[in-house]
Structures are given as structure tokens and as C-alpha cells.
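# Coordinate analysis (summary)
Here is what each chain is made of, one letter per residue.
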Amino acid sequence: MKQILCFTFLISCAFYGAIDGAHFRGGIISWYVSLTDDCSSILSYIFDFLYIAYLLLLLFRRPLNSTPSGTTAQILIHQRYFWNRLWGSFTPPYCTEANVAAQTSIPVNSFMTCLANCTSSTYPGAGLSTIMTTTDCDANTIIESWAGERYDTLTLPLTTSITIGFQSSAWMSALYFGGGGSWSIVNRLNLGLRPDGYINTSPVTNTLPVVFYPVSTPVVHIVQMADNDGTDILKCRWSNSASGTNYNRADECGGVCSGLPAGTVLSPTNCTLSFTLPTTNLYYACALQIEDYYNSAAVNPLSSIPIQFLFYAYTASAGACSQRPAIIGTRPNRACIGVPIGVQLNETIIVQTYCPSQAIVDFVTSSPIGMTHSAILNPSTGLWTMVLTWTPVASQSGPQGFCAGAIDNSSLQSDPWCITYLVDYTSPNLIQPTLVQGSASPIGTVFQNQSMFSIQATNLVGRPTRNATNICFHDDSTNASVLCYDAGYASNIVYTGYTIVIFTNYTWTPGKFYYVTMDSGFASGSVFCHAESAPITDNTFWRFNIWNPAVSSTTTTTTTPFTTVTVTTKPTSTTSINTLLTTTGIVITTTAPVTTTATTGTTSPATTAASTTAGPTASGSTTESTVAVMYPKDFEDACKQPVAMMTAIIMVILMPGYAVVMYAGFTKFLNKFQPSNINAKIRHQQRMKRILGH
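Residues numbered from 1 in each chain as written. Predicted model: local features only at pLDDT ≥ 70, side-chain atom pairs only at ≥ 80, totals over all residues. Heavy atoms only, no water.

### Some details on the overall build of the chain
The helix and strand inventory of the chain stands at five helices and 38 strands. The contacts in the chain between residues at least 6 apart in sequence include a share of 75% that link residues at least 24 apart. As presented, the chain carries roughly 33800 Å² of accessible surface, and 61% of it is formed by carbon and sulfur atoms. (Helix = DSSP H or I, 4+ residues; strand = E, 2+ residues; numbered from the N terminus. Contact = heavy atoms within 4.5 Å. Areas by Shrake-Rupley, 256 points an atom, 1.4 Å probe, with all protein chains shown as cover.)

### Topic: the pattern of salt bridges
A complete count under the given rule lists 14 salt bridges for this structure. The partner of arginine 150 in a salt bridge is aspartate 152, and the shortest N-O contact between them spans 2.8 Å. The two residues arginine 150 and aspartate 152 agree in class, both being buried. The residue glutamate 291 makes a salt bridge to arginine 237 at a minimum N-O spacing of 2.9 Å. Of the two residues, glutamate 291 sits in strand E15 (residues 282–293) while arginine 237 sits in strand E12 (residues 233–238), which places them 54 residues apart along the sequence. Judged by relative accessible area, glutamate 291 falls into the buried class, the value being 3%. Among the charged side chains, a salt-bridge network with shared partners connects Arg194, Asp196, Asp229 and Asp232. (Salt bridge = Lys/Arg side-chain N within 4 Å of Asp/Glu carboxyl O. Buried < 20%, exposed > 50% of the residue type's maximum accessible area, 1.4 Å probe, protein only.)

### Things to note about the sheet that holds strand E11 (residues 219–222)
Overall, antiparallel pairing links the three strands, which are arranged E11-E14-E13 in an open sheet. At either end of the open sheet lies a strand with only one pairing partner, and these are E11 and strand E13 (265–267). Geometrically, the sheet is characterised by an average inter-axis angle of 20° between neighbouring strands, direction not taken into account. Examined bridge by bridge, E13 and strand E14 (residues 272–275) share three bridges and lie antiparallel to one another. (Pairing = 2+ DSSP bridges. Axes fitted to C-alpha atoms, helices over the stretch in contact; angles between N-to-C directions.)

### Some details on the state of the cysteines
Enumeration over the complete set of coordinates arrives at seven disulfides. In this model, cysteine 253 is linked to cysteine 257 through a disulfide, with the two sulfur atoms separated by 1.7 Å. Across the S-S bond linking cysteine 253 and cysteine 257, the dihedral sits near 95°, which makes this disulfide right-handed. For cysteine 253, a relative accessible area of 0% translates into the label buried. (Disulfide = S-S within 2.5 Å.)

### Thoughts on the packing of aromatic side chains
Taken as a whole, this structure holds 32 aromatic pairs when the rule is applied. Geometrically, the ring pair formed by phenylalanine 24 and tryptophan 171 is edge-to-face, given 5.0 Å between the ring centres and 80° between the ring planes. Taken as a pair, phenylalanine 24 in strand E1 (residues 24–34) and tryptophan 171 in the loop between strand E8 (161–169) and strand E9 (182–190) lie far apart in primary sequence, 147 residues in all. Judged by its relative accessible area of 0%, tryptophan 171 is buried. Aromatic ring contacts, followed pair by pair, group Phe453, Phe473, Tyr506, Trp508, Tyr514, Trp542 and Phe544 into a single cluster. (Phe/Tyr/Trp six-rings, centres within 6.5 Å; stacked < 30°, edge-to-face > 60°.)

### Quick look at unusual backbone geometry
With an omega of 20°, the peptide bond between serine 169 and alanine 170 qualifies as cis. As for its placement among the helices and strands, alanine 170 is situated in the loop between E8 and E9. For the bond running from serine 441 to proline 442, omega is 0°, close enough to zero to count as cis. Positionally, proline 442 belongs in the loop between strand E26 (440–441) and strand E27 (444–446). You will see that asparagine 117, though not glycine, has its phi angle at about 55°, which is positive. As for its position among the elements, asparagine 117 is in the loop between strand E4 (111–116) and strand E5 (128–129). Here asparagine 117 falls in the partly exposed class, since its relative accessible area comes to 46%.

### Description of the pairing of strand E6 (residues 132–138)
Counting buried residues along E6, six of its seven residues qualify, which places the element largely inside the surrounding structure. In this sheet, E6 lies alongside strand E3 (residues 105–106) in antiparallel orientation, the contact comprising two bridges. From the neighbouring strand, serine 105 faces E6, where its bridge partner is threonine 133. Both E6 and strand E7 (residues 145–157) contribute to a ladder of five bridges, which runs antiparallel. Across the sheet, residue threonine 134 finds its bridge partner in E7, namely glycine 148. Hairpin connection from E6 to E7: six residues lie between these consecutive antiparallel strands, with glutamate 144 at a positive phi of about 45°.

### Points about the confidence of the model for the chain
When pLDDT is averaged along the chain, the result is 82; 78% of the residues meet or exceed 70. Segment residues 35–64 is flagged for pLDDT under 50; beyond a separation of four residues in sequence, or across chains, it makes 45 contacts in the model. (pLDDT = per-residue confidence, 0-100.)

### Here we look at the sheet that holds strand E18 (residues 336–339)
On the basis of which strands lie adjacent, the open sheet formed by four strands has the order E18-E25-E24-E20 and mixed pairing. Strand pairing shows two members of the sheet lacking a second neighbour, E18 and strand E20 (360–366), which therefore form its edges. For this sheet, the mean inter-axis angle between neighbouring strands, taken without regard to orientation, is 25°. With four bridges connecting them, E18 and strand E25 (residues 417–423) associate as parallel partners. Of the residues in E25, the one forming a bridge with valine 339 is valine 423.

### Some thoughts on the side chain of glutamate 149
Residue placement: glutamate 149 occurs in strand E7. Residues within four places of glutamate 149 in sequence aside, it is in contact with His78, Gln79, Arg80, Met132, Thr133, Thr135, Ser367, Pro368, Ile369 and Gln400.

### Description of the pairing of E4
Sheet faces and side chains relate simply in a regular strand, where the side chains alternate between the two faces. Pairing analysis gives two bridges linking E4 to E5, with the strands arranged antiparallel. By the bridge assignment for E5, methionine 112 is matched with leucine 128. As defined by bridge partners, E4 adjoins E8 across three bridges and the pair is classed as antiparallel. Paired with cysteine 114 across the two strands is isoleucine 164, which belongs to E8.

### Let's talk about the side chain of serine 303
In this fold, serine 303 is placed in strand E16 (residues 303–314). We classify serine 303 as buried; its relative accessible area is 0%. Among the polar contacts listed, one links the side chain of serine 303 to the side chain of aspartate 292, at a separation of 2.6 Å. (Polar contact = N/O pair within 3.5 Å; in protein donor to acceptor, adjacent residues only side chain to side chain.)

What follows is the structure, encoded as C-alpha cells:
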């Protein structure tokens, strides 16, 4: 009987391990420097703030809080993990969107501990909790994911150079390689000062928990990388278990090192994977380290962050659409959008399907805390939408990533669509031009050879980091684009201060009207991921038309005894400010000529003269001289550096003089009112009176 009970117990334990242990699906660990409240360094912070504020005005590149002050720094550590929502230790009912809205905790009570070089830091000996706040829940039978994240703030010494990680067991069992094995996900946290004197910030990334690709099909997959230190060189590499030689000095991947098929190629500089998944209905674990280098000559990275997730190979069913769904809309993949704190964001994801029977049944997502996801809607044939709703809070300041993938009723998944929200930063917005005193030039009527166009934004602007970010000129009568430039690399587009200048090489058609459109991110900020301007698609936003000489002729008819004159011309300006003038100085015209008829009497004998027609008296080509215009804001920005430098120099020069004058003044004041000097003067006066009295 005991043997039967023991055998039953062993079988139960094995079964429990199969459903209870295989729950890990991947994750991400990153960190960055946060603000500190060390009151002993107030004066230092004032000077640091003034100095960095000055740099930000010029460069808009680095965070305020990366300048060292004292011997410690506050670090915000971010953890994100994906779990099997049907894990045996999770109590039914399993997670739903209601858990996302309620921000419930994911009860995986473990710890992320220090793994290497721990004596260099005061990182907690027990580690940091891995209990996450729910961000996403997906009940799709292929995904079955419960995802969450958490942030912890620590004050650590600048000597910190440690490897931290989360290690346990077990990965899901249905893996191409490493199924049921242990997991290890590790991060290098190094607060040693960079060569430029700043504290480093680790790269950031994001991913879907599971990415679908068709079996036996060549795949190219890009893993997102970004870094707040804008000049750093980012590279990714395979995680490995060589704890004696790798940068982290720890097992970086547990049982899923080399989890993708043989022949997979990784391009480090852009973190691009090229591979073919050989077996259908199976998962493939991908474990990578993303590392930042100070420059291209640097041998050792400044930090190392992990990203681990799953690929899934499928065979399309017989009735599946031949084309996967695609996420479309105004926000391109990898866009960066600035969002304010405390203001509700509503973002609509739009999906295109391509077959009559194809329907979107699920969105797999990876979201920040507090972002909710609406039900899927089908507003029109072939279009499907889901609305994201989110109100960022102050603790979420900085980059917050979001990824989505649309899944149809044949389990075909769209390519991942990922964007970054830059919380507490306002994207530069292009200012809509107005007549005469506009922010764009030119508007109204321009010459046929007009070749310089410019527009202003609300913030300092820079070139977009993505190619295929276009500005296009369209023929208003047909909406056809006649000229397009890719702002990602076009050398004839110049970004300076708040202004973008576009030089064209095109001969415009007289009498035609044109309008300008600009893609999302045509004006991009200079902080972190370069928050993007909204796309401009309205054909009334920036318009102009081309001067037509044909409507500027003069026709005169003379008869006797009465003289009748018919004049076709443009209005003229008679005051110092002519509201009919455009930004080019040409009077606004329309295609309908303006006709003035005057009849006058005369006393001369009756004669008859043949009618005459006079055309334009000027002939030949017309050339336009264009000059670059510096707007007041650009002038102000250009003067900030010299003004600051001259102020500092003048203070240094005048300070010794101020010191001498103040010293002399205080000495004079002291001598005049010191009691001993006053008494001595009184005694001297009395003595002189006695002497003179004698």
C-alpha cells in the first residue's frame, strides 16, 4: 500500500511540476538615473541645474539628472515579465482585461538578486521583488500570456558595477530548445562615470511576448533598441552561459541559450535576426543582450540589458487569407510620441485585412501600467480598430514602450507594431501658416521658379531618425504628388532651431495651386527617441499658387467722341501695410481677371481709331533672389551661448573690482563708527581745546 501511495505521490509531483513549473515566457530588465532628494547637495544641484539647463537649451539631448553630485545616485530599475496565465499557482478565474484596468498584482513572489561584484554596491541583499502590476492579459490559446511590470527606486553608490538578475525554473515545455529548463535573465548596472563625466543610462527595448511567423519561411525580425544617451553606439548579441568570461560574469540565459535554429544570423548593429523556423506548432525562445558603447572605438560596453521572448511557427490553414493583416494608420512603426502627465491619451490602432472572410479576433500587446484596451471594432469593410486609453502619471516620466500585433481568425499575425511614448515631453508641432504673418513661407502667390520653402515648429527640431518620413508637394486639382523628399536623409532639407527649410529643384506650373503634406515625425525633437510631430494631411494646412502672367495683361480700346478704357490688372497697394500681399510680396490673384471700365467725354472732333491691344511690355525670364530668413526665436537661440559666455566673463573680470570696492567701503564704515575711534577723536578734540585755551 505504501508503495502505491508513494508511486501516486511521485506521479502527482511530476504532473504538478508540468503544469506548475513551466510558467516563464521571457522578460526585460533596464534602469536609468532618477532624481534625488539629498538636501546636503542643494547648492551643488542649483549650479548643476543651471549648467545643464543651459546645455539643454543648446542640445536638448541629455536628462537633467545624469550629472553626478555627491557619492550616490538614485536609480529607477524596471522589470517586465511574461507569464503563462494558466499556471497552476494562479487561482481561477484567470486574468482578463478587468485585471489590466484594476492594475492587480501578478502573484509571482520571488526576487531579482545581485549575482556578481556585489561588494561594490549597497544593492539590497534580499533583492527586489518580482511581483508585477498587470499590464496585459491575452487568452488566445497560442499566447495565454499574463504580463506586468514594476519600478523600484534605489539610492546606490557611484562605485556600483554589479550584475543583477532573476533566476528560477522553469521555461514552458513546448520549446524547440530548452523546454522545461531553468531561466536566467540578467542585467549589468554600472554607475561609474562615463568618459564625458555623466552617469550612464541603460538602453531600453520592448517586445511582444509571442511573435508568429509561418513555418519554413525565411524571416527578418528587428528588435527595437533605444538609448537616452544619444551618441552611444548600441549593439546586441546572443546571451550566453559563459559566466567566467562574458561581460555580466553570470549565466545570462539558463536553458534557452542558442534557442533559435542553427543558421540563424544576428546583425549586432541594428539587432536584426534572419532565420527560418523549421517545425510547426512549436515555440522558439530568443535570448539577447543589448549593450551601449561610448563610441565606436570602445571595447567594453557601459551596460547590458536582457530581452527574452518567444517566436511561434504555424502552418496556415487551407482557408486562410494569402496575406497577413497589417497595422496601418497615421503612426508608423517605431514612432516616438511626446505625451504630458495627467492628460488622457486616446490612440486608435487601425488594422487592414485583405480577404472577405478575414476577421481580426485578437490583439496581443505589451503596454505600460494603466493603459487599457477597448473591444475590437469593425467600422468598415476590411478595417478593424482597437482604442488605447491611458493617463500617464508622474512616476512614468520618461520612455514608455507599447507594442501590438493583430491576429486574424486563421491565426495569422501582423508584423509587430511598436511605438514609444515619451512622458512629460511635448512633441514639436508644426505651426499652421496664416496669411502674411505666417510661420511658413511662402504662401499665397509665388513665382514659377520658387525654390526655398520653410516652416516653423513649437519646439527645437531635428532630422527624423526614421527613413521614409516624407514631405510631399501635391497638385491641388488632382491630389497627385509632384515632388517628395525623404527627410530622413535628404540633404536639401535643413533643420535649424525652430525652423525647417526645404530647397526644391522644380519648375512649377503657372496658374496651378499646390499644397504640402508631411509625415509623422517630419519635425522631430532632440530628446531621447526624438518625439515626433503629428502628420499633416490636410490640403488646407499649407497652400500656395503660382503666378500666371496671362492674367496680368492690359487691354485698351479707344473710340471717338467717347473714350472707353478696359483695364485687366491686379490690385495695387496704397498703404504701408498691404494685407493683399503674400509672404513673397506678390499681390494675391485669382484665375478670374479684375476688369475696370471707365467712360469719359471729350470736345475733340469726331474721329475713329482702330482698336489696339497692348500685351505685356516685359519679356524674358524672371529670376528671384532668395535669402535665408532668421526668425526672432532662432536669433534668440543663437545668442544664448555667447550671452551666457559674456555674462560669465564679465562677472569674472568685475568680481575683483567689486571685492576691492566692498572691502574699502566696509573698512571706511568700520573706521567711522567704531567706538574706540570715536572716543579717541573726542579726546583729541578736548585736548586741542585745552591747548588753544591756554
